[in-house]
Amino acid sequence: MSINDTLKNRAEKYGNYDNLSEMIQILKQVMARSPKWNNLGYWHKESLEMICVKIGRILIGDANDQDSWRDIAGYAKLVEDKIASLNLGDVVVQPPSCELGNREQRHR
């Protein structure tokens, strides 16, 4: 299958890329305006952003695509499992930059 075939297939399943990318970016911007966004861990943010991608695909593309719904559940489950693995006293903070620092710096 060529890349053009793949892109045609994705457009049929997920909708027009311009519309889809606009919807996803708007959803992400709304989240980033949340007063607690900067207090979230990188794994909170990444899962929420990936859920936005899946929501965009549902709203612009095929709302009956089971994979999109399953992916949303999967990203939520990853966060649930991460939270369960933390000690109750841990407060997760966003690392100050994209540099991968000492793991202890990300949890206090």
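A short tour of the structure in this document, coming up.

Rules behind the numbers
- Residues numbered from 1 in each chain as written.
- Predicted model: local features only at pLDDT ≥ 70, side-chain atom pairs only at ≥ 80, totals over all residues.
- Heavy atoms only, no water.
- Helix = DSSP H or I, 4+ residues; strand = E, 2+ residues; numbered from the N terminus.
- Buried < 20%, exposed > 50% of the residue type's maximum accessible area, 1.4 Å probe, protein only.
- Contact = heavy atoms within 4.5 Å.
- Areas by Shrake-Rupley, 256 points an atom, 1.4 Å probe, with all protein chains shown as cover.
- Axes fitted to C-alpha atoms, helices over the stretch in contact; angles between N-to-C directions.
- Parallel < 35°, antiparallel > 145°, perpendicular 65-115°, else oblique.
- Left-handed = near helix turned anticlockwise from the far one by under 90°.
- Nonpolar A, V, L, I, M, F, W, Y, C, P; charged D, E, K, R; others polar.
- Salt bridge = Lys/Arg side-chain N within 4 Å of Asp/Glu carboxyl O.
- Expected span 1.5 Å × (residues − 1).
- Polar contact = N/O pair within 3.5 Å; in protein donor to acceptor, adjacent residues only side chain to side chain.
- 1 Å grid on protein atoms, 1.4 Å probe; cavity = no way out; pocket = protein on both sides within 12 Å on 5 of 7 lines; lining within 4 Å.
- Points joined across faces, edges and corners; volume = space filled by probe spheres on them.

1. Overview of the overall build of the chain
- When its secondary structure is counted, the chain shows four helices and zero strands.
- Element order for the chain, N to C, with α for helix and β for strand: α-α-α-α.
- For the chain, buried positions account for 26% of its 108 residues.
- Partitioning the intrachain contacts of the chain with sequence separation of at least 6 by distance along the chain shows that 60% fall at a separation of at least 24.
- If you sum the accessible surface of the chain, you get close to 7900 Å²; carbon and sulfur atoms cover 54% of it.

2. Considering the packing of helix α2 (residues 17-32) against helix α3 (residues 42-60)
- Interhelical geometry of α2 versus α3 gives an angle of 140° and a closest axis separation of 9 Å. Put simply, α2 runs oblique to α3. Seen along the crossing, α2 lies across α3 with a hand that is right-handed. Touching Asn 19, Leu 20, Met 23, Ile 24, Leu 27, Lys 28 and Met 31 of α2 are Leu 48, Glu 49, Cys 52, Val 53, Ile 55, Gly 56, Arg 57, Leu 59 and Ile 60, all from α3.
- Broken down by class, the residue content of the contact of α2 with α3 amounts to 11 nonpolar, two polar and three charged.

3. Observations regarding the pattern of salt bridges
- If you walk through the whole model with that rule in mind, you get five salt bridges.
- Put simply, Lys 54 and Asp 71 hold a salt bridge, and the shortest N to O gap is 3.0 Å. Of this pair, Lys 54 sits in helix α3 while Asp 71 sits in helix α4 (residues 66-85), placing them 17 residues apart in sequence.
- By relative accessible area, which is 8% here, Lys 54 ends up buried.
- On the accessibility criterion, Asp 71 (29% relative accessible area) is partly exposed.

4. Brief notes about α2
- Between its first and last C-alpha, α2 extends 22 Å over 16 residues, near the 22 Å set by a 1.5 Å rise per residue.
- In the core, the buried residues of α2 are packed alongside α1 (3-14) and α3.
- The N-terminus of α2 is capped by Asn 16, whose side-chain oxygen sits 2.9 Å from the backbone nitrogen of Asp 18.

5. Concerning the layout of surface pockets
- Of the volumes computed, that of the largest pocket is approximately 230 Å³.
- In terms of lining residues, the largest pocket is bounded by Leu 7, Arg 10, Ala 11, Tyr 14, Gly 15, Tyr 17, Leu 20, Ser 21, Ile 24, Gln 25, Val 53 and Arg 57.
- When contributions to the lining of the largest pocket are tallied by element, the ones reaching two or more residues are α1, α2 and α3.
- The dominant element in the lining of the largest pocket, judged by the number of residues it contributes, is α2, at five residues.
- Of the residues assigned to the lining of the largest pocket, the class counts are seven nonpolar, three polar and two charged.

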